[in-house]
Amino acid sequence: MTSPAAAAILNGMPHPADLRAHHYDGMTFLAAGQMIVACYPDGDVAMRNVAVAVARELGFSGQRVAQVMGLSASYVATLRQRARREGAAGLVRPSGPKPRLSPAVWARAAKWRQAGASEAQIAARLSVAQATVSRHLAGTDQEELPFGEAARPGERARLAGQDGGPAERVVPDAPACGGREEPPGPEPEPGLEAARAAGLLAAGSRIIEGQVRSRYAGAMLLHAFGARAGAGGILAAAGAGEKDGLRFADVGLLSAVSTCFALGAATTEQFKHLTAGAAGPLAGLTALPGLRTLRPRLAALADATDPLELQAMFARAMLEADPVTSGVYYVDDHFVPYAGARPVPKGWNNKRGKAEKGRADTHVTTHDGRAVCFVTGEPSGLTVTLPLALAELKKAAPPGAKIMLGFDRGGSYAQVFRHCREQDVRWVTYRRAPLAVPRVLPVLSVISVNGREREVAWAEETVELKDYGQARQLTLFEHGQVALQILTSDFDACPAEILAWLKSRWREENFLKYASANYGIDKICDYAAVIETNTKVIDNPARKAANAAARQAEKALATARADMAAMLADPAIPAAAKNAKLIPAAQQKITRAVKALAAAEAARDQIPAKQPANVIDPHARVALLRAGRRSLQMVLRLQAHNAEHWLASHLNAYLRDDDEYRAITRQTIIRGLAGVITYTPDAIIVRLDQPASPRVARALDLLLGEINAAPPTLPGDIRPITYRLAPADQI
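These numbers come from a predicted model, not from an experiment.

Side note on the overall build of the protein chain
Logical step 1: Of the regular secondary structure elements, the protein chain holds 25 helices and 22 strands.
Logical step 2: Classification of the 731 residues of the protein chain by burial places 46% in the buried group.
Logical step 3: Counting contacts in the protein chain only where the partners sit at least 6 residues apart, residues at least 24 apart contribute 65% of the total.
Logical step 4: Surface summary for the protein chain: the accessible area is close to 36,600 Å², and the carbon and sulfur share equals 54%.

Dropping the structure here:
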């Protein structure tokens, strides 16, 4: 400890580890204790900013650094964020007027204008204001294209160069001595800067020519399914309601979002963990847009379109390309929990075994596990949501197609059966407990499952269902006991086939499980909600209280009768006492209990069992989550899931690994395979690195040959994509 004498001597001296700034002979010295951490000329703003960032990284507080450097605390925080995000380049911002462009540069700009490039595109390529381009190119009399829209296919070569070769790099000349300089324009877009740094030629946000190595190049294989399902035309419909129509940037943005979901990003917030310069080229973009650009644009597209109609278009195209020959579809509910503070309705969360706030999605999948359509709303059960999901399925299914709908016990009610019959749809489900006693003896049959023979015992009969009519019942026996009972409206199909259909319903469960884990289908995405008066019909608490009162009165009556019976049977009580006092008292008690029970039942009958929530509680409110924006993301998530499903199924035709083919496709190829993507004016070439496993490499090589037989295209582009596998010695 410092003595009082030493403290008096050192009074006013700075702390030995404190931050200090000294100014001497036109120089600024920044010291931390006895160490000089920065030295720069007075007035050098760039070096001052670097010194600020260094001081913050040394652990000094923003308030202390701001006090020493004579800056505001908010500006110190801004400098620190720039340093962390952009490095030293973020601390040194160019200042002063931009150099004047030479006549040769403006001559080339005039040629680009004649080739169809818009003034916005030319301004971005020259890093000048659009007004500057308009002033210099006045009189070219060309129609301007919207920003982000590429030139017509026949004009791409002219944009890249008049002779079809690579484009010339535009280098602004130094300003002439005493010449008039152009006013500084806005900073170029980050995507364009990334394109220039990578040597790519871009028109707006679209890559025209160049080569880029991407760590996610394997995801380019997803476009094989997208082209087969007509993704380009369908995504273009997402902005058909906009005033200026859809731009290529919007189609590319939607395609990029779907690809990012396939890469494992469960939410748009997680897109920031992907390398923008490697993810953007997967959709033909120079770079993946930042969250400040992506979120508002996705919201605008969702507000301008009907996501369910978009999903129906995807499903129709998918089912036309790969029909469901069995006609079997599965439907099930999926609870999406909500963690916010809004008064969102509650539903049953099977994962946690309790009621929670949230919403319910009802998904329909094909017999082989592909997602077809979905509906979303308040948790209510299959009896309510299944008819809505069936309506969406009928929109997607080919006209006149026979539909067999499989579902679990949650929809095994007469009202669901009747609705399916009215819609001319066959159904198959499990019978709810208690199971009926079979009236016929079981039959032992031998069936083939995945090439293996298996003995199965079942009993088949026709049963009468209350409020529905006749249905076919199959009882499956295992070890001499009834294992389960199946109800169906199909009286013609083979019993073994019906058993296989219902057993395959677990593919729906697997879809919900793995799509939640890998594609984030249980994410809320948008917490915006509208608070309205809750008019939902719910159980009346007053009726519950009246029921409890009636049960209590009934219990009191039963107790009174039991007491009288016990009194009469007691031999220790004299008969005279019983006849004189005890029996009349017991009868009066019973009479009072009977009257109390009748009064309780009469009062209960006057109270409705269910009432609107706002009638029960005038202050009842409910939060209705905005579903449009989440639904658009759901469409893109299901598109990514189906693309992976298609790719995995075709890969397994050569791989022959029924246990791991989905994981190999997802982790080894889509998310784990790097490569080089080459863009030319007429084609796109993807060269993928060799997978480490020889058997996977052989299967992938065969799959690439299959895909190249009918080359796919990017959404919104017409250039064919050709896939190649790099030799092992060139990786």
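Re the packing of helix H14 (residues 291–303) against helix H23 (residues 628–655)
Logical step 1: Relative orientation of the contacting elements H14 and H23 amounts to 100°, with a least axis distance of 8 Å. When the interaxial angle is binned, H14 and H23 end up roughly perpendicular. Taken together, the residues of H23 that come into contact with H14 (itself represented by Leu 298, Ala 299, Leu 301, Ala 302 and Asp 303) are Gly 628, Arg 629 and Leu 632.

A look at the pairing of strand S1 (residues 19–24)
Logical step 1: Pairing analysis gives 6 bridges linking S1 to strand S2 (residues 27–32), with the strands arranged antiparallel. When the sheet's bridge partners are listed, Tyr 24 is paired in S2 with Met 27.
Logical step 2: Remark: 2 residues form the turn of the hairpin made by S1 and S2, two consecutive strands paired antiparallel; Asp 25 in that turn has positive phi of roughly 55°.

Structural notes on the environment of His 223
Logical step 1: Mapping His 223 onto the fold places it in helix H10 (residues 223–228).
Logical step 2: In this structure, the C-alpha to C-alpha distance between His 223 and Pro 712, residues 489 residues apart in sequence, is 6.4 Å.
Logical step 3: Excluding its chain neighbours within four sequence positions, the residues that come into contact with His 223 are Ser 255, Leu 282, Pro 712, Thr 713, Leu 714, Pro 715, Ile 721 and Tyr 723.
Logical step 4: Within polar-contact distance, the side chain of His 223 engages the backbone oxygen of Leu 282 at 2.6 Å.

Digging into the packing of aromatic side chains
Aromatic rings in a pair are described by how distant their centres are and how their planes are angled relative to each other.
Logical step 1: Here the structure, examined in full by the defined rule, presents 5 aromatic pairs.
Logical step 2: Measuring from centroid to centroid gives 5.7 Å for Phe 417 and Tyr 468, while their planes differ by 70°, and the two rings are edge-to-face. Separated by 51 residues along the polypeptide, Phe 417 in helix H17 (residues 414–422) and Tyr 468 in the loop between strand S13 (452–465) and strand S14 (469–478) bring together distant segments of the chain.
Logical step 3: Residue classification places Tyr 468 among the buried residues on the basis of a relative accessible area of 11%.
Logical step 4: Here the basic side chain of Arg 505 rests over the ring of Trp 506, its NZ or CZ set 5.6 Å away from the ring centre.
Logical step 5: The ring of Phe 261 carries Arg 637 above its face, with NZ or CZ at 4.1 Å from the centroid.

Here we look at the environment of Arg 561
Logical step 1: Within the secondary structure layout, Arg 561 lies in helix H20 (residues 541–569).
Logical step 2: Taking relative accessible area as the criterion, Arg 561 reaches 48% and is therefore assigned partly exposed.
Logical step 3: Aside from chain neighbours lying at most four places away, what touches Arg 561 is Ile 590 and Val 594.

A word on H14
Logical step 1: Taking 1.5 Å of rise per residue, the 13 residues of H14 would be expected to cover 18 Å, and the 18 Å separating its terminal C-alpha atoms lies within 8% of that figure.
Logical step 2: Along H14, the residues classified as buried are Leu 291, Leu 294, Arg 297, Leu 298, Ala 299, Leu 301 and Ala 302.

A closer look at the pattern of salt bridges
Logical step 1: Inspection of every chain in the model, using the stated rule, returns 26 salt bridges.
Logical step 2: The closest approach of N and O atoms between Glu 509 and Arg 505, which form a salt bridge, is 3.0 Å.
Logical step 3: Given the relative accessible area of 3%, Arg 505 is considered buried.
Logical step 4: Ionic pairing is found between Arg 719 and Asp 717, a salt bridge with its closest N-O pair at 2.9 Å.
Logical step 5: Of the residues examined, Asp 717 reaches a relative accessible area of 7% and is grouped as buried.
Logical step 6: Because the salt bridges share partners, they merge into one network encompassing Glu 57, Arg 80 and Arg 84.

Structural notes on the environment of Gln 639
Logical step 1: Along the chain, Gln 639 turns up in helix H23.
Logical step 2: For Gln 639, a relative accessible area of 11% corresponds to the buried category.
Logical step 3: Spatially, the C-alpha atoms of Gln 639 and Ala 231 are 9.0 Å apart, while their sequence positions differ by 408 residues.

Focus on the sheet that holds strand S3 (residues 35–41)
Logical step 1: Across the sheet, 3 strands lie side by side as S1-S2-S3; this open sheet has antiparallel pairing. Taken across any chain shown, the strands that pair with only one partner, and hence form the sheet edges, are S1 and S3. Averaged over all adjacent pairs, the angle separating strand axes in this sheet is 20°, with direction ignored.
Logical step 2: Both S2 and S3 contribute to a ladder of 6 bridges, which runs antiparallel. Bridge pairing in S3 links Thr 28 to Tyr 40.
Logical step 3: The strands touched by helix H2 (residues 45–57) are S1, S2 and S3; relative to S3, the strand with the most contacts, the crossing angle is about 160°.
Logical step 4: Sitting on the sheet, helix H3 (residues 62–69) is in contact with S1, S2 and S3, with an inclination near 15° to S1.

Procedures and definitions
Residues numbered from 1 in each chain as written. Predicted model: local features only at pLDDT ≥ 70, side-chain atom pairs only at ≥ 80, totals over all residues. Heavy atoms only, no water. Helix = DSSP H or I, 4+ residues; strand = E, 2+ residues; numbered from the N terminus. Buried < 20%, exposed > 50% of the residue type's maximum accessible area, 1.4 Å probe, protein only. Contact = heavy atoms within 4.5 Å. Areas by Shrake-Rupley, 256 points an atom, 1.4 Å probe, with all protein chains shown as cover. Axes fitted to C-alpha atoms, helices over the stretch in contact; angles between N-to-C directions. Parallel < 35°, antiparallel > 145°, perpendicular 65-115°, else oblique. Pairing = 2+ DSSP bridges. Polar contact = N/O pair within 3.5 Å; in protein donor to acceptor, adjacent residues only side chain to side chain. Phe/Tyr/Trp six-rings, centres within 6.5 Å; stacked < 30°, edge-to-face > 60°. Lys NZ or Arg CZ within 6 Å of the ring centre and 35° of its normal. Expected span 1.5 Å × (residues − 1). Salt bridge = Lys/Arg side-chain N within 4 Å of Asp/Glu carboxyl O.

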